[in-house]
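Breakdown of the fold
Okay, here's what each chain looks like letter by letter:
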Amino acid sequence: MAPTGKAASGQRNGETAADAPRRTFAIISHPDAGKTTLTEKLLLFGDAIRLAGQVRARGERRRTQSDWMEMERSRGISITSSVMTFDHDGIVFNLLDTPGHEDFSEDTYRTLTAVDSAIMVIDAAKGIEAQTRKLFEVCRLRNIPIITFVNKVDREGRDPFELLDEIESGLALDVTPLMWPMGMGGQFYGVYDLQTNQLLTSDRGRGGAFSQRIQFEGPDDPKLDERIPEHILSAFRESLELALAGYPEFDPKAYRDGHMTPVIFGSALYDYAVDELLQALATHAPAPRPQPAEPTEVRPEEDRVTGFVFKVQANMDPNHRDRIAFLRLCSGRFQRGMKLRQARSGKTMAVHNPIFFFAQERELAEEAFPGDIIGIPNHGTLRVGDTLSEGAEVRFTGIPNFAPEILRRVRLDDPMRAKQLRRALEDLAEEGVTQVFRPLLGSEWIVGVVGQLQLEVLASRIAAEYKIAAGFETAPYEAARWVTAEDPAEMKRFQERHRASMAEDRDSGPVFMARNSWELNRTIQDWPKIGFHKTRERA
Ligand code: GDP
């Protein structure tokens, strides 16, 4: 079935999944900011709607914190999947998970190539942190529009102006609050929705979930004075006035172009403004966008089916050496059993068992639409960066390999296991856990990673999944660069001169390995006709 099958078709009067808008997005944040909590809440909203009947008209019965916790327990919701699809108000949301750890990960970067927008979660007490900034930079490279969720307003946080100014100056992004907090921490009364003039608050004054949404005429409405203690209200009005004067109005185009971020204040834990966040995503976030490709970009309304693989996960089921390739559909109407052509090899494959990933279950995907993510089980034919299409001569671009920052030589304790090691390294390289390089001279493998944690993951997976005892030693190299040249003769000269420093990547692409940055810079200077690249686009 298609993701909208259960909920939207009933609600939307027999319209088919094709009519349901898609929002394909990721959450970017620093560890501990609340990404997991927010994800769970978003999924619960989705599920709540899918169990139509339990939840009636919107706002009729607001769920309390304990309701949520009960639902979480009884349904065993956990976030283990790389893709989570849910429906809400007739819209299909595809949430792509980015690994949460602090280490830079290539996987995260590639996942962001498959989304149309992102939510940036910031801890109200901490502001912009290192990992958020890195992920933001990736979004900026692709002009991915961002909605900001300032989380944990139930706790003592920083001044809202300070937070907004930090986003504005730190990320060079215009900010526009969609809501304004009324007090914070112990003095927290709720958030005021600037677009609807509703105050989201709890009936107990402060604390507890937002069980009330009260309509006012505007922030000066005298009815506010009847409900809110004077000192809270006057501080709120004063700061709101400053905010309205100081920040530009929401400009949908500037947001979609990636120049402006609308800001929502809330709390994932206490379910403050999570619904509003979903609404903002539904109303403002872009539908599936055209994707960069050669010879020309692919638009979602094109008839032929196209998509690209942004992630491969091996060994999801330890009993079978299965692999799931995650395909982002970019155009056309995909149907199960369809034959798709792999651009890299020119081969055609029939996709018989495509999978949709929901919060707790997987289902066969009978049909899917642009913006959707399907998992394709395969035995290693599909790789990250692959384009699949209904016979079209097209290749998606912009899914990079990154120059590793840490290089290590792989030490194999049992030389009889060399073949298995090769297999393990190739598998894991395919998943993007590591990069592998084979020096032209010598027989040892060099692995390249971008963070220490990635090395640990690699070691433990080689041991657990392939039963190989291997270690990592310092490699005689510090930097790796992909090399290109317009003139093949020049490339040949370069390779001959640097035989001892040359290696090949998995696709036999030439890579120059430098012992240190001095040598690298020197070589770059000495060989102006050779291009040295920190990333290699997957062919
Ligand atoms: P992640 O590392 O970004 O996935 O963060 P988590 O969702 O695991 O949250 C980190 C910690 O912050 C957990 O202890 C959460 O319970 C807590 N937390 C998350 N959201 C909120 C919130 O809105 N208010 C408060 N007070 N705590 C929160």
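None of the values given here were measured: they were computed from a predicted structure. (Residues numbered from 1 in each chain as written. Predicted model: local features only at pLDDT ≥ 70, side-chain atom pairs only at ≥ 80, totals over all residues.)

Thoughts on unusual backbone geometry
Going from Glu294 to Pro295, the amide bond is cis rather than trans, its omega being 5 degrees. Tracing the backbone shows Pro295 in the loop between strand S12 (293–294) and strand S13 (306–314). The residue Asn143 is not glycine, and still its phi comes out positive at about 50 degrees. Tracing the chain through its elements places Asn143 in the loop between helix H5 (130–141) and strand S5 (146–151). Its identity is not glycine, yet Asp271 carries a phi of approximately 65 degrees, on the positive side. Take Asp271: it is sitting in the loop between strand S11 (260–265) and helix H10 (274–284). (Helix = DSSP H or I, 4+ residues; strand = E, 2+ residues; numbered from the N terminus.)

Quick notes on the pairing of strand S8 (residues 190–193)
Alternating positions in S8 separate into two faces, Gly190 and Tyr192 on one and Val191 and Asp193 on the other, with burial throughout. Where strand S7 (residues 179–182) meets S8, four bridges bridge the pair, whose relative direction is antiparallel. Bridge assignment links Trp180 to a residue of S8, and that residue is Tyr192. Direction of pairing for S8 relative to strand S9 (residues 198–201): antiparallel, over a ladder of three bridges. (Buried ≥ 20, exposed ≤ 12 C-beta atoms within 10 Å, placed from the backbone. Pairing = 2+ DSSP bridges.)

Regarding the site of the ligand
The environment of the ligand is formed by 17 residues, the closest being Gly34, Thr36, Thr37, Ser267 and Leu269. With three residues, helix H2 (residues 35–50) is the largest single contributor of residues to the shell around the ligand. (Near = placed C-beta within 6 Å.)

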